[in-house]
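Coordinate inspection notes
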Amino acid sequence: MARKQLIRLVAGFRRFREKYFDPDSSVYKRLSQGQSPKTLVIACSDSRVDPAIISDAGPGELFVVRNVANLVPPFETGGGLHGVSAAIEFAVMSLKVEHIIVLGHRQCGGIRALMTTRNGATPESFIDRWMGIAVAARDRVLAKFEGADFETQCTHCEQESIKISLENLRTFPFVRDAIRDRGMNLIGTYFDLESGQILEYLADSDQFQPVL
């Protein structure tokens, strides 16, 4: 079974080489000189939500950070290793991206874990500690949709957590500077993998609306 999966990956890599490393193609000739993506996407690790596939992006178009539940921690100095924060810093400071998109999605396992740990996180659980970033989203949903069924609460929490990540992005001084000095955009999006729709968060109305 492992060998079968390896063969499948090799076959896929062969198609990748044929598409992007064709002698007549200049894609990686150009990319070998460096990258200059315009957009940073902060997405979930979920195997069904690949930003490049969803957006039909080619090599070099997106700088992508993926983690459980597409969360952004608040800015802090010290306190440990910060992979997501480091990626955001590199994208904003070195790559000078013009847009940061937080891409959430329906049926998020991280959000479901958050919604089922209302009596406190397990200290030994990496997931529980990580999802602590979005506790405020869960609390908002439980206060506003207390009588709703679990699936409805999860959907609202998935969207509310996107707003938390957008709020946390603004706690980074270099993000605020980029917004002020060169008009960098922060965008919240939600992929409903059941309906195939992408929704955008509109801050003025505090709602998620379909983009198509």
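All residue numbers refer to positions counted from 1 along the written sequence of the respective chain. Given that this is a predicted model, residues contribute local features only at a pLDDT of at least 70 and side-chain atom pairs are listed and counted only at 80 or more, while totals for whole chains, interfaces and linings are drawn from all residues. In computing side-chain properties, one takes all heavy atoms of the structure into account and sets aside hydrogens as well as water.

1. Notes on the packing of helix α4 (residues 83-94) against helix α9 (residues 173-182)
- Orientation is described by lines fitted to C-alpha atoms, with helices fitted over the stretch in contact, and by angles between N-to-C directions that extend from 0 to 180 degrees. Numbering of helices and strands starts at the N terminus; helices are DSSP runs of H or I of at least 4 residues and strands are runs of E of at least 2. Contact pair α4 / α9: the axes reach a minimum separation of 10 Å and the direction vectors enclose 25°. For the element pair α4 / α9, the angle class is roughly parallel. Crossing of α4 over α9 shows left-handed handedness. On α9, the residues that touch I88, E89, V92 and M93 of α4 are F174, V175, A178 and R182. Should an angle fall under 35 degrees it is taken as roughly parallel, and over 145 as roughly antiparallel, whereas 65 to 115 is taken as roughly perpendicular and any remaining angle as oblique. Left-handed describes a crossing whose near helix is turned anticlockwise from the far helix through less than a right angle; right-handed describes the clockwise counterpart. Only heavy atoms enter the contact rule, under which two residues are in contact if any of them lie within 4.5 Å.

2. Regarding the pattern of salt bridges
- A pairing counts as a salt bridge when a side-chain nitrogen of Lys or Arg comes within 4 Å of a carboxyl oxygen of Asp or Glu. If you walk through the whole model with that rule in mind, you get 14 salt bridges.
- Between K163 and E160 there is a salt bridge, and its shortest N-O distance comes to 3.2 Å. Pair noted here: K163 and E160 are both in helix α8 (residues 150-169), with a separation of three residues, about one helical turn.
- Relative accessible area decides the class of each residue, using a 1.4 Å probe on protein chains only: under 20% of the type maximum gives buried, over 50% gives exposed, and in between gives partly exposed. Using a relative accessible area of 14% as the deciding quantity, one classes E160 as buried.
- A salt bridge links D177 to R180, with the shortest nitrogen-to-oxygen separation between them at 3.3 Å. You can see D177 and its partner R180 sitting in helix α9, three residues apart, about one turn around the helix.
- In this structure R180 comes out as exposed when scored by relative accessible area, which is 59%.
- One continuous salt-bridge network, built from bridges that share partners, spans R106, R112, E151, E158 and E194.

3. Describing α4
- An ideal rise of 1.5 Å per residue puts 16 Å on 12 residues; α4 measures up with 16 Å between its terminal C-alpha atoms.
- Every buried residue of α4 is accounted for by V84, S85, A87, I88, A91 and V92. Here the buried residues of α4 occupy an arc of 160° about the axis, which is enough to place them on one side.
- The elements touched by buried residues of α4 are β1 (39-44), β2 (62-67), β3 (99-105), α6 (126-131), α8 and α9.
- With its phi angle positive at about 55°, K96 sits one or two positions after the end of α4. Each residue after the first adds 1.5 Å to the expected span of a helix. Here, the arc refers to the directions that run from the helix axis to the C-beta atoms.

4. Considerations on the sheet that holds strand β6 (residues 207-210)
- Note on pairing: two strands pair once DSSP finds at least 2 bridges between them. Overall, mixed pairing links the six strands, which are arranged β2-β1-β3-β4-β5-β6 in an open sheet. Single-partner strands in this sheet number two, and they are β2 and β6. Between one strand and the next, the sheet's axes are offset by a mean angle of 30°, whatever the strand orientation.
- In terms of strand pairing, β1 meets β2 through six bridges, oriented parallel. Within β2, the position partnered with I42 by the bridge is V65.
- Packing of α4 onto the sheet brings it into contact with β1, β2 and β3, and relative to β2 it is tilted by some 170°.

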